[in-house]
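Architecture at a glance
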Amino acid sequence: MAQPPGKPTAASRTTLSHIMTQADVNLLGTVHGGVIMKLVDDAAGAVAGRHSGGPAVTASMDEMVFLEPVKVGDLVHVHAQVNWTGRTSMEIGVKVLAERWNESTPATRVGTAYLVFAAVDETGKPRPVPPVLPDNDRDRRRYQEAQIRRTHRLARRREILESRRRPL
Ligand SMILES: CC(C)(COP(=O)(O)OP(=O)(O)OC[C@H]1O[C@@H](n2cnc3c(N)ncnc32)[C@H](O)[C@@H]1OP(=O)(O)O)[C@@H](O)C(=O)NCCC(=O)NCCS
């Protein structure tokens, strides 16, 4: 299948916002990391679907970093965008901010993540995605850095597979 025409980064950029409640907390009383990971996967999935113009599945999630605790009452904003595209896969970069309900300070960055989504057809087979066209220097830098992560992901997978073929 031919590669569709390119699309600018801005065409699929997405923000999901959610107020944290008592149902989202862990035993320490702060928000469970898994709740944030679900929001991250949802926002990234929305971006991947918008960019690729159809269904897309999570292939991997890496470098999920939690920088600060999220608390009940915080308004969490999850910003996601396509950083890079391959033939059938896309890296989505996600930034998580929290507006504290009881502080008048600017929103705090509480997490970041990088996810790879593969666009799939109705049978679940990977299908070509439009190349992303970075809008500005910041997006061009994200593209370059995503390519570095991609090289490392592939190299790590290859090395692990090779090591499994060697006797212990
Ligand atoms: C992701 C999936 C479609 C890949 O299928 P596949 O038969 O391995 O196909 P390919 O090897 O051609 O990979 C497709 C693309 O995904 C990328 N990819 C596959 N696995 C990857 C991984 N673990 N990390 C990063 N990229 C990956 C490939 O590099 C390729 O990208 P490219 O075309 O841009 O070069 C398949 O493994 C799958 O359906 N996984 C389950 C997805 C899912 O259900 N997610 C939700 C979890 S509940």
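Our structure's up above, just so we're on the same page.
Residues numbered from 1 in each chain as written. Predicted model: local features only at pLDDT ≥ 70, side-chain atom pairs only at ≥ 80, totals over all residues. Heavy atoms only, no water.

Observations concerning the site of the ligand
The following threshold applies: Nearness is judged by heavy atoms alone; a residue qualifies as near a molecule or strand once a single heavy atom is within 4 Å of it. In the analysis that follows, any N or O atom pair within 3.5 Å is treated as a polar contact, provided that within protein one partner can donate a hydrogen and the other can accept it, and provided that, for residues neighboring in sequence, both atoms belong to side chains. To measure how exposed things are, a 1.4 Å probe is used in the Shrake-Rupley method; for residues, cover is taken only from the protein chains shown. The numbering of helices and of strands both runs from the N terminus, where a helix is a DSSP run of H or I of at least 4 residues and a strand a run of E of at least 2. As a working rule, the residues Ala, Val, Leu, Ile, Met, Phe, Trp, Tyr, Cys and Pro are called nonpolar, Asp, Glu, Lys and Arg charged, and the rest polar, with Gly in that last group.
Taken together, the neighbourhood of the ligand is formed by 13 residues, with Thr58, Arg87, Thr88, Ser89 and Arg150 sitting nearest. In the model, a nitrogen atom of the ligand is placed 2.9 Å from a nitrogen or oxygen of the Thr58 main chain. Measuring from an oxygen atom of the ligand, one finds a side-chain N or O atom of Thr88 at 2.6 Å. Relative to its unbound accessible surface of 930 Å², the ligand loses 50% to contact with the protein. Looking at the shell around the ligand, the elements with two or more residues in it are strand S3 (56-66), strand S6 (108-119) and helix H2 (137-165). It is S3 that provides the largest number of residues to the shell around the ligand, a total of four residues. Residues of the shell around the ligand, tallied by class, amount to five nonpolar, five polar and three charged.

Section: the packing of aromatic side chains
Filter applied, for reference: Each Phe, Tyr or Trp ring (for Trp, its six-membered ring) is paired with any other whose centre lies within 6.5 Å, and the angle between the two planes then decides the class: stacked below 30 degrees, edge-to-face above 60, tilted in between. For a Lys NZ or an Arg CZ to count as sitting over a ring, it must be within 6 Å of the ring centre and within 35 degrees of the ring normal.
Under the definition given, this model contains zero aromatic pairs. One cation-aromatic arrangement involves Arg149 over Tyr114; the distance from NZ or CZ to the ring centre is 3.5 Å.

Focus: the nonpolar core
We count it as follows: We call a set of buried Ala, Val, Leu, Ile, Met, Phe, Trp, Tyr and Cys residues a nonpolar core when their side-chain atoms join them within 4.5 Å. Partly exposed describes any residue whose relative accessible area lies between the buried limit of under 20% and the exposed limit of over 50%, with all areas from a 1.4 Å probe on protein chains only and scaled to the type maximum. A contact between two residues is defined here by any heavy atoms of the two lying within 4.5 Å.
Core analysis: the largest hydrophobic core is formed by 27 residues, its most contacted members being Val40, Ile92 and Val94. Breaking this core down by element, the ones donating at least two residues are helix H1 (33-52), strand S4 (75-85), strand S5 (89-99) and S6. Leave out the neighbours within four places in its chain, and Ile92 touches Ala44, Val47, Ala48, Ala80, Gln81, Val82, Asn83, Ala113, Tyr114, Leu115 and Phe117.

Quick look at the environment of Glu63
Within the secondary structure, Glu63 is located in strand S3. Sequence-distant contacts of Glu63, defined by excluding residues within four places in its chain, comprise Thr112, Ala113, Tyr114 and Arg149.

A short note on the side chain of Thr9
Take Thr9: it is sitting in the loop between strand S1 (7-8) and strand S2 (14-19). Those residues in contact with Thr9 that sit more than four places away from it in its chain are Gln81, Val82, Val132, Leu133, Pro134, Asp135 and Asp139.

Quick look at H2
So the rule is basically this: Multiplying one less than the number of residues by 1.5 Å gives the expected span of a helix.
Between its first and last C-alpha, H2 extends 43 Å over 29 residues, near the 42 Å set by a 1.5 Å rise per residue. Within H2, the full set of buried residues consists of Asp139, Ala146, Arg149 and Arg153. Those residues of H2 that are buried lie in contact with S3, S4, S5 and S6. Between the side-chain oxygen of the N-cap and the backbone nitrogen of Arg138 there are 3.2 Å, and the N-cap of H2 in question is Asn136.

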